[in-house]
Amino acid sequence: MSFAPGILQGKSAIVTGGATGIGSFIVRKLGTLGAKVGIVSRKQENLLKAVKDFKEEDGIDVAWRTGDVRDPDGIKKAFDELAGEIGGIDILVCNAAGNFICPTEELSWNGWRTVIEIDLNGTFNCCQAALLHLKAATDGGRVISISTTQADFGWPGAAHAGAAKSGIQNLMKTLAAEWGQYGIRANWISPGPIEGTEGVDRLIIQQGLGDQVKKNIPLGTFGEGDDIANAVVFLSSDTGKYVSGAGLAVDGASQWNRQR
Ligand code: COA
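Computed from a predicted model, the values in this text were never measured in an experiment. Within each chain, residue numbers correspond to sequence positions counted from 1 in written order. The predicted origin of the model limits local features to residues at a pLDDT of at least 70 and limits the giving and counting of side-chain atom pairs to 80 or more, whereas totals for whole chains, interfaces and linings rest on all residues. Based on all heavy atoms of the structure, the side-chain values leave hydrogens and waters out of the count.

Attention now moves to the overall build of the chain. On a plain count of helices and strands, the chain comes out with eight helices and seven strands. On C-alpha atoms alone, the chain measures out to a radius of gyration of 17 Å, which is about the 18 Å that the 2.2 N^0.38 rule sets for 260 residues. Its C-alpha atoms give the chain principal-axis dimensions of roughly 50 × 40 × 40 Å. The classification of residues rests on relative accessible area computed with a 1.4 Å probe and restricted to protein chains. Under 20% of the type maximum is buried, over 50% is exposed, and intermediate values are partly exposed. Burial statistics for the chain: of 260 residues in total, 51% are counted as buried. When the accessible surface of the chain is totalled, it reaches about 12200 Å², and 52% of it is carbon and sulfur. Each helix is a run of DSSP H or I of at least 4 residues and each strand a run of E of at least 2, with the numbering of both proceeding from the N terminus. Using C-alpha atoms as the atom set, the radius of gyration is obtained and then compared with a globule rule of 2.2 Å times the number of residues to the power 0.38. Using a 1.4 Å probe, accessible areas were evaluated by the Shrake-Rupley method; residue-level cover was limited to the displayed protein chains.

Okay, the sheet that holds strand S6 (residues 185–191) next. Two strands pair under a simple rule: DSSP has to find at least two bridges between them. Overall, parallel pairing links the seven strands, which are arranged S3-S2-S1-S4-S5-S6-S7 in an open sheet. At either end of the open sheet lies a strand with only one pairing partner, and these are strand S3 (62–66) and strand S7 (247–250). Here the strands of the sheet are splayed against their neighbours by 20° on average, with no regard to which way each runs. Of the pairings in the sheet, the one linking strand S4 (residues 91–94) to strand S5 (residues 142–146) comprises four bridges and is parallel in character. Of the residues in S5, the one forming a bridge with Ile 91 is Arg 142. Residue contacts are defined here by distance: any two heavy atoms, one from each residue, within 4.5 Å place the two residues in contact. Only C-alpha atoms enter the line fits that serve as axes; for helices the fit covers just the stretch in contact. Angles between N-to-C directions range over 0 to 180 degrees. Taken strand by strand, helix H1 (residues 21–32) contacts strand S1 (12–16), strand S2 (36–41), S3, S4, S5 and S6, and its axis lies near 170° from that of S1. The strands touched by helix H8 (residues 225–236) are S4, S5, S6 and S7; relative to S6, the strand with the most contacts, the crossing angle is about 165°.

Here we come to helix H3 (residues 72–86). In this model, H3 (15 residues) spans 21 Å end to end at C-alpha, consistent with the 21 Å of a helix rising 1.5 Å per residue. For H3, the set of buried residues is Ile 75, Ala 78, Phe 79, Leu 82, Ala 83 and Ile 86. Along the axis of H3, the buried residues cluster in a sector spanning 135°; they form a single face. Across H3 from its buried face, at more than 90 degrees, point the exposed residues Asp 73, Lys 77 and Gly 84. Against S1, S2, S3, S4 and helix H4 (109–135) lie the buried residues of H3. A helix is expected to span 1.5 Å for every residue after the first. For this quantity, the arc is that covered by the directions from the helix axis to the C-beta atoms.

Examined against the element boundaries, Asn 99 turns out to sit in the loop between S4 and H4. You can call Asn 99 buried: its relative accessible area is 17%. What Asn 99 contacts, discounting residues up to four positions off in sequence, is Val 115, Trp 155, Ala 158, His 160, Ala 161, Arg 202 and Leu 203.

To continue, consider the side chain of Ser 24. Looking at where Ser 24 falls in the secondary structure, it is placed in helix H1. On the basis of relative accessible area, Ser 24 is assigned to the buried category, the value being 11%.

Before going further, it helps to examine the packing of aromatic side chains. To pair, rings of Phe, Tyr and Trp, with the six-membered ring standing in for Trp, must have centres within 6.5 Å; the planes then decide the type, stacked if under 30 degrees apart, edge-to-face if over 60, and tilted in the middle. Using the criterion set out here, one finds zero aromatic pairs in the structure. Whether a charge lies above a ring is judged from NZ of Lys or CZ of Arg, which has to be within 6 Å of the ring centre and within 35 degrees of the ring normal. It is Lys 135 that lies over the ring of Tyr 182; its NZ or CZ is 4.3 Å from the centre.

Another point: the environment of Thr 149. Note on placement: Thr 149 falls in the loop between S5 and helix H5 (159–179). Considering only alpha carbons, one finds Thr 149 and Ala 253, 104 residues apart in sequence, at a separation of 9.8 Å. With residues up to four places along the chain from it excluded, the contact list for Thr 149 reads Ser 190, Pro 191, Ala 249, Asp 251 and Gln 255.

Moving on, we come to the site of the ligand. Arg 70, Asn 99, Ser 108, Asn 110 and Gly 111 are the nearest of the 15 residues found near the ligand. At a separation of 2.9 Å, an oxygen atom of the ligand approaches a polar side-chain atom of Arg 70. Nitrogen and oxygen atoms within 3.5 Å of one another constitute a polar contact, given that in protein one can donate a hydrogen and the other can accept it, and given that sequence-neighbouring residues count only through two side-chain atoms. Between the ligand and the protein, one listed contact pairs an oxygen atom with a side-chain N or O atom of Asn 110 at 2.8 Å. Coverage of the ligand by the protein amounts to 54% of the 930 Å² it exposes when considered alone. Among the elements of the structure, H4 and helix H6 (198–205) are those that each provide at least two residues to the shell around the ligand. Tallied by class, the residues present in the shell around the ligand amount to four nonpolar, seven polar and four charged. Throughout, the term near means that a residue has one or more heavy atoms lying within 4 Å of the molecule or strand in question. Only Asp, Glu, Lys and Arg are considered charged, only Ala, Val, Leu, Ile, Met, Phe, Trp, Tyr, Cys and Pro nonpolar, and every remaining residue, Gly among them, polar.

Shown next, in the form of C-alpha coordinates:
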(Lines give C-alpha, C1' and ligand atoms only; values in the text may rest on other atoms or scores of the structure.)
Protein backbone atom coordinates (compact mmCIF):
# COMPACT_ATOMS: atom_id res chain seq x y z
CA MET A 1 0.00 0.00 0.00
CA SER A 2 1.43 3.36 -0.89
CA PHE A 3 0.58 6.92 -1.81
CA ALA A 4 -0.45 7.84 -5.36
CA PRO A 5 2.59 7.97 -7.66
CA GLY A 6 3.65 11.55 -8.27
CA ILE A 7 1.82 12.87 -5.20
CA LEU A 8 4.88 15.07 -4.47
CA GLN A 9 5.59 16.04 -8.07
CA GLY A 10 6.64 19.69 -8.25
CA LYS A 11 7.77 19.77 -4.59
CA SER A 12 11.30 20.33 -3.36
CA ALA A 13 12.50 18.92 -0.07
CA ILE A 14 15.56 19.14 2.13
CA VAL A 15 16.25 16.36 4.60
CA THR A 16 19.01 16.93 7.16
CA GLY A 17 20.88 13.79 8.09
CA GLY A 18 19.36 12.27 4.95
CA ALA A 19 22.32 10.05 4.09
CA THR A 20 21.75 7.42 6.77
CA GLY A 21 19.17 5.80 9.04
CA ILE A 22 15.59 7.08 9.16
CA GLY A 23 16.60 10.09 7.07
CA SER A 24 17.57 7.88 4.14
CA PHE A 25 14.16 6.16 4.18
CA ILE A 26 12.51 9.59 4.10
CA VAL A 27 14.67 10.66 1.14
CA ARG A 28 13.85 7.50 -0.83
CA LYS A 29 10.13 7.92 -0.22
CA LEU A 30 9.96 11.63 -1.05
CA GLY A 31 12.09 11.10 -4.15
CA THR A 32 10.18 8.13 -5.51
CA LEU A 33 6.89 10.01 -5.03
CA GLY A 34 8.17 12.82 -7.26
CA ALA A 35 9.86 15.40 -5.01
CA LYS A 36 13.25 16.83 -5.82
CA VAL A 37 15.36 16.18 -2.74
CA GLY A 38 18.53 17.66 -1.26
CA ILE A 39 20.37 16.25 1.73
CA VAL A 40 22.82 17.79 4.18
CA SER A 41 25.05 16.03 6.64
CA ARG A 42 28.51 16.29 8.13
CA LYS A 43 30.36 13.45 6.43
CA GLN A 44 31.06 13.63 2.72
CA GLU A 45 31.74 9.88 2.47
CA ASN A 46 28.23 9.12 3.81
CA LEU A 47 26.69 11.61 1.39
CA LEU A 48 28.50 10.21 -1.64
CA LYS A 49 27.59 6.61 -0.80
CA ALA A 50 23.96 7.53 -0.17
CA VAL A 51 23.58 9.52 -3.38
CA LYS A 52 25.01 6.59 -5.35
CA ASP A 53 22.63 4.14 -3.62
CA PHE A 54 19.60 6.39 -4.15
CA LYS A 55 20.42 6.53 -7.86
CA GLU A 56 21.17 2.83 -8.32
CA GLU A 57 18.45 1.38 -6.09
CA ASP A 58 15.63 3.90 -6.51
CA GLY A 59 16.48 5.75 -9.71
CA ILE A 60 16.42 9.13 -7.99
CA ASP A 61 18.93 11.98 -8.28
CA VAL A 62 19.55 13.56 -4.90
CA ALA A 63 21.45 16.82 -4.46
CA TRP A 64 23.80 17.13 -1.50
CA ARG A 65 25.96 19.50 0.53
CA THR A 66 28.13 18.88 3.53
CA GLY A 67 27.05 20.91 6.55
CA ASP A 68 26.77 20.84 10.32
CA VAL A 69 23.38 21.90 11.68
CA ARG A 70 25.26 23.58 14.56
CA ASP A 71 26.71 26.13 12.13
CA PRO A 72 23.95 28.62 11.19
CA ASP A 73 25.92 30.38 8.45
CA GLY A 74 27.11 27.13 6.90
CA ILE A 75 23.59 25.69 6.93
CA LYS A 76 22.12 28.85 5.37
CA LYS A 77 24.68 28.65 2.56
CA ALA A 78 24.04 24.93 1.99
CA PHE A 79 20.25 25.43 1.97
CA ASP A 80 20.43 28.43 -0.41
CA GLU A 81 22.63 26.48 -2.81
CA LEU A 82 20.46 23.37 -2.64
CA ALA A 83 17.30 25.44 -3.11
CA GLY A 84 18.86 26.81 -6.31
CA GLU A 85 19.52 23.27 -7.48
CA ILE A 86 16.21 21.61 -6.57
CA GLY A 87 13.85 24.53 -7.21
CA GLY A 88 13.23 26.01 -3.75
CA ILE A 89 12.28 24.42 -0.44
CA ASP A 90 8.64 23.37 0.00
CA ILE A 91 9.40 20.74 2.62
CA LEU A 92 12.04 20.84 5.35
CA VAL A 93 12.65 17.66 7.31
CA CYS A 94 14.76 18.32 10.41
CA ASN A 95 16.08 14.86 11.03
CA ALA A 96 19.77 15.30 11.90
CA ALA A 97 20.46 14.32 15.51
CA GLY A 98 23.15 13.08 17.84
CA ASN A 99 22.77 11.05 21.00
CA PHE A 100 24.64 8.76 23.33
CA ILE A 101 23.73 7.00 26.52
CA CYS A 102 25.33 8.47 29.65
CA PRO A 103 23.91 8.80 33.19
CA THR A 104 23.33 12.47 34.00
CA GLU A 105 25.67 12.43 37.01
CA GLU A 106 28.51 11.42 34.67
CA LEU A 107 27.54 13.68 31.78
CA SER A 108 30.06 16.47 31.13
CA TRP A 109 28.97 20.00 30.32
CA ASN A 110 30.40 19.55 26.83
CA GLY A 111 28.48 16.30 26.33
CA TRP A 112 25.23 18.01 27.37
CA ARG A 113 25.96 21.07 25.22
CA THR A 114 26.89 19.00 22.17
CA VAL A 115 23.59 17.12 21.97
CA ILE A 116 21.52 20.23 22.74
CA GLU A 117 23.40 22.07 19.98
CA ILE A 118 22.91 19.36 17.38
CA ASP A 119 19.31 18.40 18.15
CA LEU A 120 17.63 21.57 19.44
CA ASN A 121 19.78 24.46 18.22
CA GLY A 122 20.35 22.60 14.96
CA THR A 123 16.60 22.37 14.33
CA PHE A 124 16.23 26.10 15.06
CA ASN A 125 19.11 26.90 12.68
CA CYS A 126 17.58 24.83 9.88
CA CYS A 127 14.12 26.40 10.29
CA GLN A 128 15.61 29.90 10.19
CA ALA A 129 17.79 29.04 7.20
CA ALA A 130 14.83 27.66 5.25
CA LEU A 131 12.29 30.34 6.14
CA LEU A 132 12.54 32.59 3.08
CA HIS A 133 12.25 29.54 0.81
CA LEU A 134 9.36 28.08 2.81
CA LYS A 135 7.53 31.42 2.60
CA ALA A 136 7.90 31.29 -1.18
CA ALA A 137 6.49 27.75 -1.47
CA THR A 138 3.46 27.82 -3.76
CA ASP A 139 1.16 25.69 -1.59
CA GLY A 140 2.68 26.67 1.75
CA GLY A 141 5.90 25.37 3.26
CA ARG A 142 6.08 22.41 5.59
CA VAL A 143 8.45 21.77 8.45
CA ILE A 144 8.59 18.27 9.86
CA SER A 145 10.93 17.56 12.74
CA ILE A 146 11.88 14.15 13.97
CA SER A 147 11.43 13.91 17.74
CA THR A 148 10.85 10.78 19.83
CA THR A 149 8.17 9.43 22.14
CA GLN A 150 10.92 9.34 24.80
CA ALA A 151 10.69 13.14 24.96
CA ASP A 152 7.25 12.84 26.59
CA PHE A 153 8.68 10.93 29.55
CA GLY A 154 11.86 10.94 31.59
CA TRP A 155 14.69 9.38 29.58
CA PRO A 156 17.25 7.92 31.96
CA GLY A 157 20.70 8.00 30.35
CA ALA A 158 19.72 10.56 27.74
CA ALA A 159 18.83 13.76 29.64
CA HIS A 160 20.44 15.85 26.89
CA ALA A 161 18.50 14.24 24.03
CA GLY A 162 15.24 14.12 25.99
CA ALA A 163 15.46 17.83 26.82
CA ALA A 164 16.40 18.67 23.23
CA LYS A 165 13.64 16.59 21.65
CA SER A 166 11.06 18.07 24.07
CA GLY A 167 12.33 21.48 23.07
CA ILE A 168 11.91 20.60 19.40
CA GLN A 169 8.26 19.74 20.00
CA ASN A 170 7.61 23.11 21.61
CA LEU A 171 9.53 24.87 18.83
CA MET A 172 7.25 23.23 16.26
CA LYS A 173 4.15 24.40 18.18
CA THR A 174 5.51 27.94 18.26
CA LEU A 175 6.46 27.97 14.58
CA ALA A 176 3.01 26.61 13.71
CA ALA A 177 1.51 29.58 15.55
CA GLU A 178 3.95 32.20 14.24
CA TRP A 179 4.40 31.00 10.67
CA GLY A 180 0.82 29.87 9.95
CA GLN A 181 0.29 33.36 8.54
CA TYR A 182 2.78 32.42 5.80
CA GLY A 183 0.92 29.19 5.05
CA ILE A 184 3.70 27.22 6.72
CA ARG A 185 2.79 24.12 8.72
CA ALA A 186 5.12 22.82 11.39
CA ASN A 187 4.69 19.36 12.88
CA TRP A 188 6.77 16.61 14.43
CA ILE A 189 6.93 12.86 14.24
CA SER A 190 7.85 10.75 17.25
CA PRO A 191 9.26 7.45 16.05
CA GLY A 192 9.37 4.45 18.32
CA PRO A 193 12.15 1.90 17.85
CA ILE A 194 12.83 1.52 14.12
CA GLU A 195 14.71 -1.62 13.17
CA GLY A 196 17.99 -1.49 11.32
CA THR A 197 18.81 2.06 12.44
CA GLU A 198 21.98 3.03 14.24
CA GLY A 199 19.85 4.48 17.04
CA VAL A 200 18.14 1.17 17.81
CA ASP A 201 21.39 -0.79 17.43
CA ARG A 202 23.37 1.47 19.73
CA LEU A 203 20.75 2.70 22.21
CA ILE A 204 18.70 -0.50 22.56
CA ILE A 205 20.37 -3.64 21.15
CA GLN A 206 23.89 -2.87 22.38
CA GLN A 207 22.49 -2.00 25.83
CA GLY A 208 21.05 -5.54 25.97
CA LEU A 209 17.50 -4.17 25.92
CA GLY A 210 16.31 -5.61 22.58
CA ASP A 211 14.04 -8.39 23.89
CA GLN A 212 12.67 -6.27 26.71
CA VAL A 213 11.81 -3.37 24.42
CA LYS A 214 10.19 -5.60 21.81
CA LYS A 215 8.13 -7.43 24.46
CA ASN A 216 6.65 -4.07 25.51
CA ILE A 217 5.57 -2.99 22.02
CA PRO A 218 1.82 -3.69 21.79
CA LEU A 219 2.02 -4.23 18.03
CA GLY A 220 4.76 -6.78 18.66
CA THR A 221 7.52 -5.63 16.30
CA PHE A 222 10.01 -2.84 15.79
CA GLY A 223 8.91 -0.28 13.21
CA GLU A 224 10.33 0.05 9.71
CA GLY A 225 11.94 3.09 8.15
CA ASP A 226 9.05 3.31 5.71
CA ASP A 227 6.60 3.76 8.57
CA ILE A 228 8.28 7.07 9.39
CA ALA A 229 8.69 8.02 5.73
CA ASN A 230 4.96 7.47 5.11
CA ALA A 231 4.13 9.76 8.04
CA VAL A 232 6.37 12.43 6.51
CA VAL A 233 4.49 12.12 3.20
CA PHE A 234 1.14 12.45 4.97
CA LEU A 235 2.28 15.63 6.72
CA SER A 236 4.03 17.14 3.71
CA SER A 237 1.39 16.55 1.04
CA ASP A 238 -2.18 17.84 0.81
CA THR A 239 -3.37 14.84 2.86
CA GLY A 240 -2.23 16.70 5.98
CA LYS A 241 -3.15 20.21 4.89
CA TYR A 242 -5.03 21.19 8.07
CA VAL A 243 -2.53 19.63 10.45
CA SER A 244 -0.11 22.05 12.10
CA GLY A 245 1.54 22.23 15.51
CA ALA A 246 0.84 18.54 15.99
CA GLY A 247 2.84 15.47 16.89
CA LEU A 248 2.36 12.10 15.24
CA ALA A 249 3.64 9.10 17.20
CA VAL A 250 4.66 6.20 14.96
CA ASP A 251 5.65 3.69 17.59
CA GLY A 252 3.37 0.65 17.62
CA ALA A 253 1.78 2.12 20.79
CA SER A 254 4.96 1.35 22.73
CA GLN A 255 4.80 4.63 24.63
CA TRP A 256 1.59 3.47 26.32
CA ASN A 257 3.10 0.24 27.58
CA ARG A 258 6.16 1.37 29.50
CA GLN A 259 6.50 -1.58 31.87
CA ARG A 260 9.80 -2.09 33.60
N1 COA B 1 29.47 9.00 26.82
C2 COA B 1 29.79 10.12 27.50
N3 COA B 1 30.18 11.29 26.91
C4 COA B 1 30.23 11.29 25.56
C5 COA B 1 29.91 10.16 24.78
C6 COA B 1 29.52 8.96 25.48
N7 COA B 1 29.19 7.85 24.82
N8 COA B 1 30.03 10.49 23.47
C9 COA B 1 30.43 11.78 23.44
N10 COA B 1 30.54 12.26 24.70
C11 COA B 1 30.99 13.59 25.11
C12 COA B 1 32.45 13.74 24.80
O13 COA B 1 33.26 13.14 25.79
C14 COA B 1 32.58 15.26 24.76
O15 COA B 1 32.61 15.81 26.05
P16 COA B 1 34.00 16.18 26.82
O17 COA B 1 34.68 17.20 25.96
O18 COA B 1 33.56 16.70 28.14
O19 COA B 1 34.77 14.90 26.91
C20 COA B 1 31.27 15.69 24.14
O21 COA B 1 30.34 14.60 24.35
C22 COA B 1 31.36 15.94 22.67
O23 COA B 1 31.80 14.77 22.04
P24 COA B 1 32.45 14.76 20.58
O25 COA B 1 32.65 13.36 20.16
O26 COA B 1 33.66 15.67 20.59
O27 COA B 1 31.34 15.52 19.73
P28 COA B 1 31.01 15.45 18.22
O29 COA B 1 30.43 16.75 17.88
O30 COA B 1 32.18 14.96 17.42
O31 COA B 1 29.90 14.28 18.15
C32 COA B 1 27.91 13.07 18.66
C33 COA B 1 28.76 14.31 18.96
C34 COA B 1 26.71 13.09 19.60
C35 COA B 1 27.40 13.12 17.24
C36 COA B 1 28.74 11.80 18.90
O37 COA B 1 28.70 11.46 20.25
C38 COA B 1 28.39 10.62 18.08
O39 COA B 1 29.07 10.35 17.11
N40 COA B 1 27.31 9.86 18.42
C41 COA B 1 26.92 8.69 17.67
C42 COA B 1 26.21 9.02 16.39
C43 COA B 1 24.82 9.54 16.62
O44 COA B 1 24.57 10.18 17.58
N45 COA B 1 23.90 9.28 15.70
C46 COA B 1 22.54 9.70 15.80
C47 COA B 1 21.61 8.54 15.82
S48 COA B 1 20.89 8.27 17.41
